[in-house]
Amino acid sequence: MKTRAMRLMSTLMIALCIAPPLAGRAETFPPNGWKESPNPIASPLAIPGGMITVFGGQYPNSLNYYLDNNTFTSQVFGAMYDALLTLDPLTLDYQPGLASKWSISDDKLTYTFTLNPDARWSDGKPITAHDVAWTFQAILNPKNLTGSHKVSLERFHPPIVKDDHTIVFTARSLHWSNLGTVGGFNILPAHAFKDLNFNEINFNFPVISGPYRLGTITEGISILMERRKDNWNRNAPSMQHTGNFQTIRYKFFADRINAFEAFKKGEIDIYPVYTSRLWVNQTSGPRFQNNYIVKQKVINRQPVGFQGFAMNMRKFPFDDIRVRKAMAHLLDRKKMNQTLMYGQYFLHRSYMEDLYNADTPCTNPVFDFNKEKARKLLADAGFKVNPKTGILEKNGRALAFDFLARDSTADKFLAIFSEDLKDVGIRLRIVQKDWAAWVKDMETFNYQMTWAAWSSGVFKDPEGMWASSEADRQNGNNITGFKHPAVDALIEKQKGIFDVAARNAINRKIDRIVSDAVPYVLLWNINATRLLYWNKFGTPDTVLSKYGREESAFWYWWFDPDAEMDLRDAMAENAPLPPLPSTIRFDEQFKPLNR
C-alpha cells in the first residue's frame, strides 16, 4: 500500500519519478538483512469490511491512467495494478513491489529487476518480465495516446527480458529519477491486452494484480471498487491494516456544489473542502455542533502544487508576453481572497512554492492588481481602443478571448475578472463544457485560457511541464506551450545531479525564468487539507498519511460498526457525540516509538 499512499499525492498529475541519491558503487537492493515491516502509519485497530462513499469528481473519460492522466484515474488504476517498486510512506525509500530485488550498475545507467516468483495476476497466471516489457512498449507506442507518460520512459532503450523473472533496463543518459521511472510505472497483463486496441482499453480490466478490482459501474453515476481477498500480496506485513474497506464507492456529480448537498444528506461519507465559503459559512448547525459530521483541518508534509489561469502561448493574444503580464495585473487576487475566500489562502508567487523558506526567499516578480500597468503593457503591444466598440484592437483584431471552463465553480471569480478586463477594453467569453469535452480540447490545445490546478511531489522534475520538447506533445503537461532555451539547458543540467539541494537550486532558477514569462496568471493555495466526514469511521492518529491528501483516507481509514451505531443512536436521540480535534498536525500526532 506504500505505492498507493504516495500515488494519491496528485490532482491533475505532473510526471514525477522519485529517486534517492545512489551509492558510488554497484549495489543490489534491498540490502542484506532487510525485512519487510508493517506500514508505520496504519492503525493496528483497523479491520477490513464495510463501505465508504466518496466524491469522484465528474465522470471520467477512461479508467486507464495511461490514457486519462488525472488524479481520480490514478487512484483507481493504482488500486488495480502494481509497480515493480513501492515507497516507504515515511522515508520515501524504495522497497520491493512486484520486484523482490533490483540492482544498479556503477554508472547508474543499467537497472536489473528480479520479479517476485509469487506475484500473480487475478486469473492465477504469473506476472512475468514479459508483462513489464509489453507495458513499456505499449506506453511508448506512437499510436497510443499515452502523452505525458512517454516523457520519462523515452529516456530508456527497450528493455531486455533475460528470463521470465528478470528484466534489464538501460538508460540512454544519466538522470536522478531513472530508478523511479522504471520502478514506478504500473504493469499490465500482456496476455489480457496485447490483442486489443490500447486506446480503447477504458473501463474493462478483467485481469489485475492489485488489492482492488472493479465492481459495478453505473455510467455517469458511480463506480464501485471491491477489495480482493485473493490478492497475491494480501498477507505481506506492509499490507496489513491498509486498504480496509470492502467497497469503495465513487459517486460523480457535475460540480462540487451538488456533491456537497449530497454529502449533507449522507449520500457521501467524506468531503474535502476546496471552497472557503462552504468551510466558513456552511459548516454549522446541529449536525456539526453535535459532532455527527467531523470538521477537521489536517496539516502534514503534502507538497504544495500550484493553480492558475493557463494561457495558450501558441495562439493570439497570449503569444505576446505583454498581454500575459497585463492579464496578471488585471486579476484582483487580494479582493477575491478576502471577499470570496475569507482570507484563507496565500497568493502564489511561484510554481514551486515549497522550494522557498526564510533562508531562501522567493524573488519572483509580484504582479499586483494595477490597471494602469496593464494599460501601458497593452499599449506597448500595439493595442488601441476602437471608439465605436470600446474594445482594444490591433491590426483590426479585437482583444477578446474565450475562457474554457468545466464547471460553475469559477463563475464568481470570472465575474470579477471579466468586469476588470472590460474596464480596460478586453472582452472575455466563458465557454462551459463538461469534463470529457474540456479534456478533449486540452489534449489538442484547443483553448485560449482555462483554470488548471497541478499537484506536486517531494522531488521536482520540471521536464514534463516546462521542457520545449513537451510543448507540442498532445495529452502532455506543458499545456501552455512554454518554450525557453535557458530552461531547457537547466533541465538538462539537473538530470545528472543526485543531490536534492543542488537540484532545488537549479529548480529555483527555472522557476524564476518561468515566472518572468508568465505562462499562467497564478492564483492561490492553502497548506492544509480541510475535511468533512460523517463520524462513523476509524482513523489512524494522523488521520491522513505523511505526504497524502484526502485520498489517503481511503487506504488508512476503516469502517467502525460501533461508531456507526453510536452515530445512529445519537441522531435518533438528538444527543451529541464526543468532539474530535479540529486540527491534526502529522508531526505532532505521529509517534513512531509507539508503533
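What counts, and at which threshold
Residues numbered from 1 in each chain as written. Predicted model: local features only at pLDDT ≥ 70, side-chain atom pairs only at ≥ 80, totals over all residues. Heavy atoms only, no water. Patch = residues over 30% accessible without salt bridge, like charges linked within 9 Å, V, L, I, M, F, W, Y side chains within 5 Å. Areas by Shrake-Rupley, 256 points an atom, 1.4 Å probe, with all protein chains shown as cover. Salt bridge = Lys/Arg side-chain N within 4 Å of Asp/Glu carboxyl O. Lys, Arg positive; Asp, Glu negative; His and termini not counted. Charge placed at Lys NZ, Arg CZ, Asp CG, Glu CD. Buried < 20%, exposed > 50% of the residue type's maximum accessible area, 1.4 Å probe, protein only. Domains from an automatic or database assignment. Contact = heavy atoms within 4.5 Å. Polar contact = N/O pair within 3.5 Å; in protein donor to acceptor, adjacent residues only side chain to side chain. Helix = DSSP H or I, 4+ residues; strand = E, 2+ residues; numbered from the N terminus. Arc of directions from axis to C-beta. Axes fitted to C-alpha atoms, helices over the stretch in contact; angles between N-to-C directions. Parallel < 35°, antiparallel > 145°, perpendicular 65-115°, else oblique. Left-handed = near helix turned anticlockwise from the far one by under 90°. Nonpolar A, V, L, I, M, F, W, Y, C, P; charged D, E, K, R; others polar. Pairing = 2+ DSSP bridges. Right-handed = clockwise from strand over helix to strand, strands pointing away.

Novice: What exactly am I supposed to notice about a negative patch on the surface here?
Specialist: Taken together, the side chains of Asp562, Asp566, Asp569 and Glu573 make up a negatively charged region of the molecular surface. Accessibility expressed as a relative area gives 43% for Asp566, which makes it partly exposed.

Novice: Explain the domain arrangement of the protein here, please?
Specialist: Interfaces are often sized by the accessible area lost when the parts come together. Examined at the domain level, the protein breaks down into domain 1 (82–197), domain 2 (219–302 + 527–589) and domain 3 (306–525). Its C-alpha centre places domain 1 at a distance of 33 Å from the equivalent point of domain 2. Taken together, the contacts link eleven residues of domain 1 with seven residues of domain 2. Where domain 1 packs against domain 2, one counts zero salt bridges. For the pair domain 1 and domain 2, the number of links is two residue pairs in polar contact (both at pLDDT 80 or more).

Novice: Please clarify how the side chain of Ser148 should be interpreted in this entry.
Specialist: With respect to the helices and strands, the residue Ser148 is situated in the loop between α3 (129–140) and α4 (150–153). Judged by relative accessible area, Ser148 falls into the buried class, the value being 4%.

Novice: Sorry, what's going on with helix α16 (residues 485–495) here?
Specialist: Each α-helix winds once per 3.6 residues, and so residues spaced three or four apart point in a common direction. When we look at burial in α16, the residues that qualify are Val487, Leu490, Ile491, Gln494 and Lys495. Considered in projection along α16, the buried side chains sweep an arc of 145° and stay on one side of the axis. Summarising the geometry of α16, the exposed residues directed more than 90 degrees from the buried face are Pro485, Glu492 and Lys493. At its buried positions, α16 is contacted by α15 (463–466) and α17 (500–517).

Novice: In this structure, what is going on with the packing of α16 against α17? I would like to understand it.
Specialist: Working note: a packed helix pair is described by the angle between its axes plus the distance between those axes. Where α16 meets α17, the closest approach of the two axes is 10 Å, and the angle between their N-to-C directions is 165°. The pairing of α16 with α17 is recorded here as roughly antiparallel in orientation. In this structure, α16 meets α17 at a crossing whose hand is left-handed. Contact with α16, carried on its side by Ala486, Val487, Leu490, Ile491, Lys493 and Gln494, involves Arg503, Ile506, Lys509, Ile510, Ile513 and Val514 of α17 and no other residues of that element. Its residues assigned to classes, the contact of α16 with α17 shows eight nonpolar, one polar and three charged.

Novice: Any chance you could explain the pairing of strand β20 (residues 427–432) here in plain terms?
Specialist: Note: strand β19 (residues 400–405) against β20, six bridges, orientation parallel. Note on β20: the bridge partner recorded for Asp402 is Arg429. In terms of handedness, the path from β19 via helix α13 (residues 411–423) over to β20 forms a crossover that is right-handed.

Novice: Just checking my understanding: could you explain the sheet that holds strand β21 (residues 449–454) for this structure?
Specialist: In a beta sheet, neighbouring strands pair by backbone hydrogen bonds and run either parallel or antiparallel. One open sheet holds the five strands; their spatial order is β20-β19-β21-β14-β22, and the pairing between them is mixed. Two strands lie at the open edges of the sheet, namely β20 and β22 (520–522), each paired on one side alone. On average, each strand axis in the sheet is inclined to that of its neighbour by 30°, with strand direction left out of account. In terms of strand pairing, strand β14 (residues 306–311) meets β22 through three bridges, oriented antiparallel.

Novice: I tried to follow the sheet that holds strand β18 (residues 397–398) on my own but got confused; where do I start?
Specialist: Across the sheet, three strands lie side by side as β16-β17-β18; this open sheet has antiparallel pairing. Each of the sheet's edge strands pairs with one partner strand only, and the pair in question is β16 (384–385) and β18. Relative to strand β17 (residues 392–394), β16 is paired through two bridges, and the arrangement is antiparallel. In the sheet register, Val385 faces β17, and the bridge partner there is Leu392.

Novice: Got a minute to help me understand unusual backbone geometry in this structure?
Specialist: Note: most residues except glycine have negative phi, and most peptide bonds are trans. Phe29 connects to Pro30 through a cis peptide bond whose omega is -10°. In this structure, Pro30 sits in the loop between β1 (27–29) and β2 (51–55). Omega for the bond connecting Phe316 with Pro317 falls within 30 degrees of zero, at 5°, which places this linkage in the cis form. In this structure, Pro317 sits in the loop between β14 and α10 (321–329).

Novice: It is not clear to me how helix α2 (residues 71–80) should be interpreted in this structure. Could you clarify?
Specialist: Buried residues dominate α2, accounting for ten of its ten residues. Taken together, the buried positions of α2 are occupied by Thr71, Phe72, Thr73, Ser74, Gln75, Val76, Phe77, Gly78, Ala79 and Met80. Measuring from the backbone nitrogen of Phe72 back to the side-chain oxygen at the start of α2 gives 3.1 Å, which picks out Asn70 as the cap.

Novice: How should the pattern of salt bridges be read in this particular structure?
Specialist: Pairs may arise between side chains of opposite charge once their charged atoms sit close together. Scanning all chains against the criterion turns up 24 salt bridges. The shortest N-O distance in the salt bridge between Glu463 and Arg155 comes to 3.0 Å. A residue pair is termed long-range when its members are at least 10 positions apart, and Glu463 in helix α15 and Arg155 in the loop between α4 and β7 (160–163) qualify at 308 residues. For the pair formed by Glu463 and Arg155, the shared burial category is buried. Put simply, Asp380 and Lys376 hold a salt bridge, and the shortest N to O gap is 3.1 Å. Of this pair, Asp380 and Lys376 both sit in helix α12 (residues 371–380), four residues apart, which is roughly one turn of the helix. A relative accessible area of 42% means that Asp380 is categorised as partly exposed. Here the salt bridges do not stand alone but share partners, grouping Lys371, Glu372, Arg375, Asp420 and Asp423 into one network.

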